[in-house]
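Here are the chains, one letter per residue:
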Amino acid sequence: MALIVKKFGGSSVATTEKIMNVAKRVLSEKQPGDQIVMVVSAMGDTTDDLIALAQGINKNPYQYTREMDMLLTTGEQQSIALLAMAFQTLGQPAVSLTGPQAGMRTNAVHTKGRIVDITPERVHEELAKGNIVVVAGFQGADKYGDPVTLGRGGSDTSAVALAGALKADTCEIFTDVDGVYSADPRIVKGARKMKEITYHEMLEMARLGAGVMQPRSVEMGEYFHIPIHVRSTFTTKPGTIIREDYTMEDKDFAIRGVAHDEKVAKIAVLGIPNTPGIAHEIFSALAEANIDVDMIVQSIRNIEKNVTDMVFTVASDDLAQAKKVVDGVADKLNAVAVLIEEDVAKVSIVGAGMLGNPGTASRMFGALSRAGINIDIISTSEISISCLIKGSQLKEAVNAIHDEFFPVK
């Protein structure tokens, strides 16, 4: 007997036929006494279709963030109702709940909300009745009851957070790949599936672009000590377990994987005063606009005139808003120019083992050099090294680095 949270993404519930297949699979794996909570995304391309509808009204609908959340949360409501109907059709009692009905409380930052509390009493009540509970992912509500979405990949966060609040035995994330790989298998033919990976490493992989998991969902797993099993919707084979530490031979790898992110843009603020408070002026304005900044480089342009340049990256989705914010600050600082570059991408290596392995960075840079790829910006953490490169060279870069650390035997 176990309490299991299972999350299925949009591709897994893209059609009514796939929804029925999901219901059949869950029931075939359900053991007597198991309590099942499902968390699902919107069907297939529903979210993109809803965004397109909004763009038919205004080319930049995200300036109306509250209304976008009101619109986008309807996508998951379709999925949960249909999946609950599928279970009932198969003879299994089930009930659908929106995120707020399941007790998901968020802050009031529309389209980029964060979970602040979960009170899943309604979920417990429905489980006690013998229902499979189908919950809408990607959404919650603020203190006023207004719907708030959790950002890209937010259904993963919903699932793991709910698993933690329910004190579930495990959280299974079903997706269109059968686990976490050493690189994106769509780009690297020799990518290797991992049996296990630590929370810290998976968090870094996700933060740096590995799309299989959303970063905040991994943070939730670590916070609640919930093992996360990343599996394929289309096979019954074991996937990858995300947990506190390894229990298998996988711990022998110094580098766990190569991550990449092509949805980034570079902003350069040129010719600003090299005086205390300038960095705060720029980045506090971006923070107030809820724009995350990643790689940051400050370089001295002219020592005699005490002038510097500030270069950093943001997500492509935030570029228009970020440029508006930065242009305003640049005018105040009498900057020479604000330059934007969109043909960039970030490639990274991740692994806790690199701490005890000198020379890891030089191997990465050497691989890029031999492939004729120039490095624009470098940033590091305790368990990762990232390089900003030309976007057009991303695939070549990922393969070159993967071949260096995961050679074909």
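Our subject in this report is the structure included herewith. Bear in mind that the values here come from a model prediction, so they are computed numbers and not experimental data.

What the protein contains, in helices and strands, is 11 helices and 20 strands. For the protein, the C-alpha radius of gyration of 23 Å lies close to 22 Å, the compact-globule estimate for 409 residues. With respect to the three principal axes, the spread of C-alpha positions in the protein is 80 × 55 × 35 Å. Counting the 409 residues in the protein, one finds 52% classified as buried. Counting contacts in the protein only where the partners sit at least 6 residues apart, residues at least 24 apart contribute 75% of the total. With an accessible surface of roughly 18900 Å², the protein has 52% of that area assigned to carbon and sulfur atoms.

Moving on: the sheet that holds strand β10 (residues 196-198). Hydrogen bonding along the main chain pairs the strands of a sheet, whether they run parallel or antiparallel. Spatially, β3-β6-β2-β1-β9-β11-β12-β10 is the arrangement adopted by the eight strands of the open sheet, whose pairing is mixed. Looking at the sheet topology across the chains shown, the edges are occupied by β3 (94-97) and β10. Averaged over all pairs of adjacent strands, the angle between their axes in this sheet comes to 20°, without regard to strand direction. Sheet analysis places strand β11 (residues 228-232) next to strand β12 (residues 240-243), joined by three bridges and oriented antiparallel. Bridge pairing in β12 links Ile228 to Ile242.

Turning our eyes to something else, we now look at the pairing of β12. Across three bridges, β10 lies against β12 in parallel orientation. Across the sheet, residue Thr198 finds its bridge partner in β12, namely Arg243.

On a regular strand, one side chain projects to one face of the sheet and the next to the other, so that they alternate. Counting buried positions along β11 yields five of five residues, so the element is predominantly enclosed. Neither face of β11 is exposed, since Ile228, Val230 and Ser232 on one face and His229 and Arg231 on the opposite face are all buried. Where strand β9 (residues 170-175) lies against β11, five bridges are found, and the strand directions are parallel. Residue pairing in the sheet places Phe174 in a bridge with Arg231 of β11.

On to the sheet that holds strand β20 (residues 384-390). Taken together, four strands build an open sheet; the order of strands is β13-β18-β20-β19 and the sheet is antiparallel. This sheet does not close on itself; its edge strands, each paired only once, are β13 (257-261) and β19 (377-381). Averaged over all pairs of adjacent strands, the angle between strand axes in this sheet comes to 20°, irrespective of strand direction. Alignment of β19 against β20, held across five bridges, turns out to be antiparallel. When the sheet's bridge partners are listed, Thr380 is paired in β20 with Ile385. Together, β18 (344-350), β19 and β20 form the strand contacts of helix α10 (residues 360-370), whose direction differs from that of β20 by roughly 20°.

One pass over the structure, following the stated rule, counts three aromatic pairs. Aromatic pair Tyr223 and Phe224: ring centres 4.9 Å apart, planes at 85°, arrangement edge-to-face. On the numbers, 5.2 Å between centres and 75° between planes, the contact of Phe283 with Phe312 is edge-to-face. Here Phe283 is found in helix α8 (residues 278-288), whereas its partner Phe312 is found in strand β16 (residues 307-315), with 29 residues between them in sequence. Neither Phe283 nor Phe312 differs from the other in exposure class; each is buried.

What follows is about the pattern of salt bridges. Scanning the model with the defined rule gives 26 salt bridges in all. For Asp184, the salt bridge goes to Arg186, with nearest N and O atoms at 3.0 Å. With a shortest N-O distance of 2.9 Å, Lys332 and Glu281 are connected by a salt bridge. Of the two residues, Lys332 is situated in helix α9 (residues 319-333) and Glu281 in helix α8; the sequence distance between them amounts to 51 residues. Assessed through its relative accessible area of 60%, Lys332 is described here as exposed. Given the relative accessible area of 28%, Glu281 is considered partly exposed.

Grouped together as the largest cluster of nonpolar side chains are 44 residues, with contacts concentrated most on Val5, Val37, Met202 and Met213. Not counting residues within four places of it along the chain, the set of residues in contact with Met213 comprises Asp156, Ile173, Met202, Ala206, Val218, Ile228, Val230 and Ile242. Among the nonpolar cores identified, the runner-up in size contains 26 residues, and Ile187, Met364, Leu368 and Ile373 belong to it.

Rules behind the numbers
- Residues numbered from 1 in each chain as written.
- Predicted model: local features only at pLDDT ≥ 70, side-chain atom pairs only at ≥ 80, totals over all residues.
- Heavy atoms only, no water.
- Helix = DSSP H or I, 4+ residues; strand = E, 2+ residues; numbered from the N terminus.
- Rg over C-alpha atoms; globule rule 2.2 N^0.38 Å.
- Buried < 20%, exposed > 50% of the residue type's maximum accessible area, 1.4 Å probe, protein only.
- Contact = heavy atoms within 4.5 Å.
- Areas by Shrake-Rupley, 256 points an atom, 1.4 Å probe, with all protein chains shown as cover.
- Pairing = 2+ DSSP bridges.
- Axes fitted to C-alpha atoms, helices over the stretch in contact; angles between N-to-C directions.
- Phe/Tyr/Trp six-rings, centres within 6.5 Å; stacked < 30°, edge-to-face > 60°.
- Salt bridge = Lys/Arg side-chain N within 4 Å of Asp/Glu carboxyl O.
- Core = buried A, V, L, I, M, F, W, Y, C linked by side-chain atoms within 4.5 Å.

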